Amino acid sequence: MSPESLDRGWAQARAEASALDDADPLRDRRALFVGAETSLVYFDGNSLGRPLRATADAVGAFVRDEWGGRLIRGWDERWMDAPFALGDLLGRVALGAAPGQTIIGDSTTVLLYKLLRAAFDHARAADPARVEIVVDRDNFPTDRFLVEGIAAERGGRVRWIEAPLDGGVTAELLAPVLGPQTAVVLLSHVAYRSGHMADAAALTALVHDAGALIVWDLCHSAGSVPVRADAWDFDLAVGCTYKYLNGGPGSPAFAYVATRWQDVLAQPIQGWMGAADVFAMGPAYAPAAGMRRFLSGTPSITGMLALRDMLPLLDEVGIDAVRAKSVALTSFAVRLADTLLPSVAVASPRDAAARGGHVTLTHPAMREVTARLWERDVIPDYRDPGGLRIGLSPLSTSFAEVVEGMAAVGAALETL
Ligand SMILES: *Cc1c(COP(=O)(O)O)cnc(C)c1O
């Protein structure tokens, strides 16, 4: 393509972005986020969402009034219930989960450990032949490391699925590894690298047909794509709140446990907060009924503060509207890559129905491109091999931002 026709292409794309922003029913929400007024291009809301302006004030008020004013009384008045109250809200607005099945607490890694081990131990105790934990080779490192650790710790075996780097786990890949030896399966709903969105209902049914349990990792789903945990018959699920739920760096994760499993599973980190009577200070651990038994120690109330603002916003907007904008944003990014970044490959599904909220572009120089862009306040992230990840957080990202960021990728590639 000649430089002139490229320039014309970008000018046309800018005009198109402006029209898309004008027609966007969520366009006014962007100004609710800190930094939206600057020219910085943020493509990493799938790693760390921007903060809401409301949260900046709420954190100060919490320190002054709630912590500073109520002191230890705060636990009785509000904080003891926070993992359940915010969990129920998160379950309703982001997971399609009826109340009493979602808690906030620990990190994703710790909650995944607790639920995976509980599921493995249960399946194995019910049938000693069930010794395998299934996971895909390209799942997020923490997921793979946990599976290997639990298999080693409990005398189990890892069964790997090989999924393509630009796709993810499908029924065709999952079915052949399932059998009477399967205890539990761990899959990501939206793959962290490619953005591939699995058919969670169909894969859950396959796992159940094999008599096993499934744990869904929803880190790249929650707050970005609709999840129907109850309707899709999930057993267990875990996810982050600092990505598309804008909880802030290191904000606590969430866990979903279907009602039918709550009083059956025993999680391995027995702590006082999960005990039947928290303040009995008794001689031995007896697990609480319901979701409380999946807690271990004192929950991070300060870590949950941003969710008090973000979850009501998501409730007001609705996850379906978020998804509609997400599809429009990623489709626009894919189209710009195809037409105006000829040296780049799209390593994400082209079918929007099989794609989550981010798009990965590959080129051998992307590590260097990412470093250059960060210096210029254009912030995607880099994932080997050669992948520039463009995470498009629907409430805080404009179409104009997409064009400016993509044009910056093109300019960086030209000058390398
Ligand atoms: C972000 C992410 C994690 C992170 O786990 P932490 O315990 O919060 O560090 C885990 N799994 C997936 C799939 C992720 O995308």
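Look above for the structure.
These notes cover the structure that comes with them. A quick note: this is a predicted structure, and the numbers were derived from the prediction, not measured. (Residues numbered from 1 in each chain as written. Predicted model: local features only at pLDDT ≥ 70, side-chain atom pairs only at ≥ 80, totals over all residues. Heavy atoms only, no water.)

### A few points about the overall build of the protein
Alright, step 1. Secondary structure assignment for the protein yields 13 helices and 13 strands.
Alright, step 2. Against the compact-globule benchmark of 22 Å for 416 residues, the protein has a radius of gyration of 22 Å, which places it among compact chains.
Alright, step 3. Along the three orthogonal principal directions, the C-alpha set of the protein runs to about 75 × 60 × 35 Å.
Alright, step 4. Here the protein holds 416 residues, and 57% of them are scored as buried.
Alright, step 5. Relative to all contacts within the protein whose residues are 6 or more apart in sequence, the contacts with residues 24 or more apart total 71%.
Alright, step 6. Seen as two clouds, the 38 positive and the 50 negative side-chain charges of the protein have centres 2 Å apart. (Helix = DSSP H or I, 4+ residues; strand = E, 2+ residues; numbered from the N terminus. Rg over C-alpha atoms; globule rule 2.2 N^0.38 Å. Buried < 20%, exposed > 50% of the residue type's maximum accessible area, 1.4 Å probe, protein only. Contact = heavy atoms within 4.5 Å. Lys, Arg positive; Asp, Glu negative; His and termini not counted. Charge placed at Lys NZ, Arg CZ, Asp CG, Glu CD.)

### What about the packing of aromatic side chains?
Alright, step 1. Tallying each qualifying case throughout the model produces seven aromatic pairs.
Alright, step 2. Between the aromatic rings of tryptophan 75 and tryptophan 79, the centroid separation amounts to 5.4 Å while the plane-to-plane angle is 90°, which identifies the pairing as edge-to-face. Remark: tryptophan 79 and tryptophan 75 occur in helix H3 (residues 73-79); sequence separation between them is four residues, near one turn of the helix.
Alright, step 3. Counting every residue linked through ring pairs, the aromatic cluster contains Phe62, Trp75 and Trp79. (Phe/Tyr/Trp six-rings, centres within 6.5 Å; stacked < 30°, edge-to-face > 60°.)

### Considering the site of the ligand
Alright, step 1. Lining the immediate environment of the ligand, one finds 13 residues, of which Thr109, Asp217, His220, Tyr242 and Lys243 sit closest.
Alright, step 2. Here a nitrogen atom of the ligand sits 3.0 Å away from a polar atom, N or O, in the side chain of aspartate 217.
Alright, step 3. Within the contact set of the ligand, an oxygen atom lies 2.6 Å away from a side-chain nitrogen or oxygen of tyrosine 242.
Alright, step 4. In the complex, the protein chains occlude 86% of the 390 Å² of accessible area that the ligand would expose alone.
Alright, step 5. Among the secondary structure elements, those contributing two or more residues to the shell around the ligand are helix H5 (108-126) and helix H6 (141-154).
Alright, step 6. A per-class count over the shell around the ligand returns four nonpolar, six polar and three charged. (Near = heavy atom within 4 Å. Polar contact = N/O pair within 3.5 Å; in protein donor to acceptor, adjacent residues only side chain to side chain. Areas by Shrake-Rupley, 256 points an atom, 1.4 Å probe, with all protein chains shown as cover. Nonpolar A, V, L, I, M, F, W, Y, C, P; charged D, E, K, R; others polar.)

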